[in-house]
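Overview (structure and organization)
The lines below spell out each chain.
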Amino acid sequence: DAGVIQSPRHEVTEMGQEVTLRCKPISGHNSLFWYRQTMMRGLELLIYFNNNVPIDDSGMPEDRFSAKMPNASFSTLKIQPSEPRDSAVYFCASRKGDYTGELFFGEGSRLTVL
Amino acid sequence: EDQVTQSPEALRLQEGESSSLNCSYTVSGLRGLFWYRQDPGKGPEFLFTLYSAGEEKEKERLKATLTKKESFLHITAPKPEDSATYLCAVQSPNTGNQFYFGTGTSLTVIP
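Heads up: these notes are all about the structure in this document.

Reading the values: rules and limits
- Residues numbered from 1 in each chain as written.
- Chains lettered and ligands numbered in written order.
- Predicted model: local features only at pLDDT ≥ 70, side-chain atom pairs only at ≥ 80, totals over all residues.
- Heavy atoms only, no water.
- Salt bridge = Lys/Arg side-chain N within 4 Å of Asp/Glu carboxyl O.
- Buried < 20%, exposed > 50% of the residue type's maximum accessible area, 1.4 Å probe, protein only.
- Pairing = 2+ DSSP bridges.
- Helix = DSSP H or I, 4+ residues; strand = E, 2+ residues; numbered from the N terminus.
- Axes fitted to C-alpha atoms, helices over the stretch in contact; angles between N-to-C directions.
- Disulfide = S-S within 2.5 Å.

Before going further, it helps to examine the pattern of salt bridges. Applying the stated criterion across every chain yields a total of 13 salt bridges over all chains. Across the pair A:Arg64 and A:Glu62 runs a salt bridge whose closest N-O atoms are separated by 2.8 Å. The closest approach of N and O atoms between B:Glu56 and B:Lys63, which form a salt bridge, is 3.4 Å. A relative accessible area of 47% means that B:Glu56 is categorised as partly exposed. One connected set of salt bridges, linked through shared partners, spans A:Glu62, A:Arg64, A:Glu83, A:Arg85 and A:Asp86.

Laid out in structure tokens, this is it:
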């Protein structure tokens, strides 16, 4: 199995620009999670989907962040407009079960907003 | 408020020097406690799941144990390749699917 695939691995952009991060979960997994990792706050859950439906987006920082999952094999996290404080590593993870079981993480997308 | 606290923040060991990492949690009920390993520039890699107090899991030089308030990750005779950040996460029925992650312990094993 190829595992969770994220792109791009690195993104450098200027403040105000739109950023789109992409994720392909493991085939057959029902749940998909977006996390953000920083030195100060560690791993923070932004949003998760179950069977392509957003279940909890309470971790999304503000309206500048949006996430979609149009089908079982693809999800996007969009930031518009981006700000320097959005600089972090963004991880996508998937899980086979609806409510229990371990998460499998992608390699992450490192975002730098200048 | 549900919390997960890991200690120490950083640990340096000589090769072969055994030690333990701690993960203490305050959650209302526990659906599962998870240990992950994270290498620099990589995503967290799943190691163990523990579900109930008294449970133990082993993998090579690592052994995870669980009590009602904390979990330990014991590292026996570590090697330099065990150097990584170790994260624990808890899942609480009060929050459904959500995993609470600790901030991790950065382990360095010196040859």
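So, next bit.
Quick look at the pairing of strand E7 (residues 65-71) of chain A now. All names here are of chain A. Bridge analysis of E7 against strand E8 (residues 74-79) gives 5 bridges, and the strand direction is antiparallel. Paired with asparagine 71 across the two strands is phenylalanine 74, which belongs to E8. Connecting E7 to the antiparallel partner E8 that follows it, the hairpin turn spans 2 residues.

All right, on to the sheet that holds strand E3 (residues 19-24) of chain A then. All names here are of chain A. Strand order in the open sheet formed by 4 strands is E1-E3-E8-E7, with antiparallel pairing between adjacent strands. In the strand order of this sheet, the two ends are held by strand E1 (5-7) and E7, each with one partner. Direction aside, neighbouring strands of the sheet carry axes that sit 15° apart on average. In terms of strand pairing, E3 meets E8 through 5 bridges, oriented antiparallel. From the neighbouring strand, cysteine 23 faces E8, where its bridge partner is serine 75.

We now examine unusual backbone geometry. Of note, the amide linkage connecting A:Gln80 to A:Pro81 takes the cis form, showing an omega dihedral of -5°. In this structure, A:Pro81 sits in the loop between E8 and strand E9 (88-95). B:Pro8 follows B:Ser7 through a cis peptide bond whose omega is -10°. For B:Pro8, the location among the structural elements is in the loop between strand E1 (3-7) and strand E2 (10-14). Even without being glycine, B:Glu60 reaches a positive phi, approximately 55°. With respect to the helices, strands and loops of the structure, B:Glu60 is situated in the loop between strand E6 (56-59) and strand E7 (62-66). Even without being glycine, B:Ala77 reaches a positive phi, approximately 45°. Looking at the element boundaries, B:Ala77 is found in the loop between strand E8 (70-75) and strand E9 (84-91). Its relative accessible area of 35% is what places B:Ala77 among the partly exposed residues.

Attention shifts here to the state of the cysteines. All names here are of chain A. Scanning the model with the defined rule gives 2 disulfides over all chains in all. Here cysteine 23 engages in a disulfide with cysteine 92; their sulfurs sit 1.9 Å apart. Because the sign of the S-S torsion sets the handedness, a value of about -65° for the bond joining cysteine 23 and cysteine 92 places this disulfide among the left-handed ones. On the criterion of sequence distance, the pair formed by cysteine 23 in strand E3 and cysteine 92 in strand E9 is long-range, its members being 69 residues apart. By relative accessible area, cysteine 23 is classed as buried at 1%. Among the residues examined, cysteine 92 registers a relative accessible area of 0% and is labelled buried.

It is worth stressing that arrangement in space is one thing and function is another; only the former is reported here.
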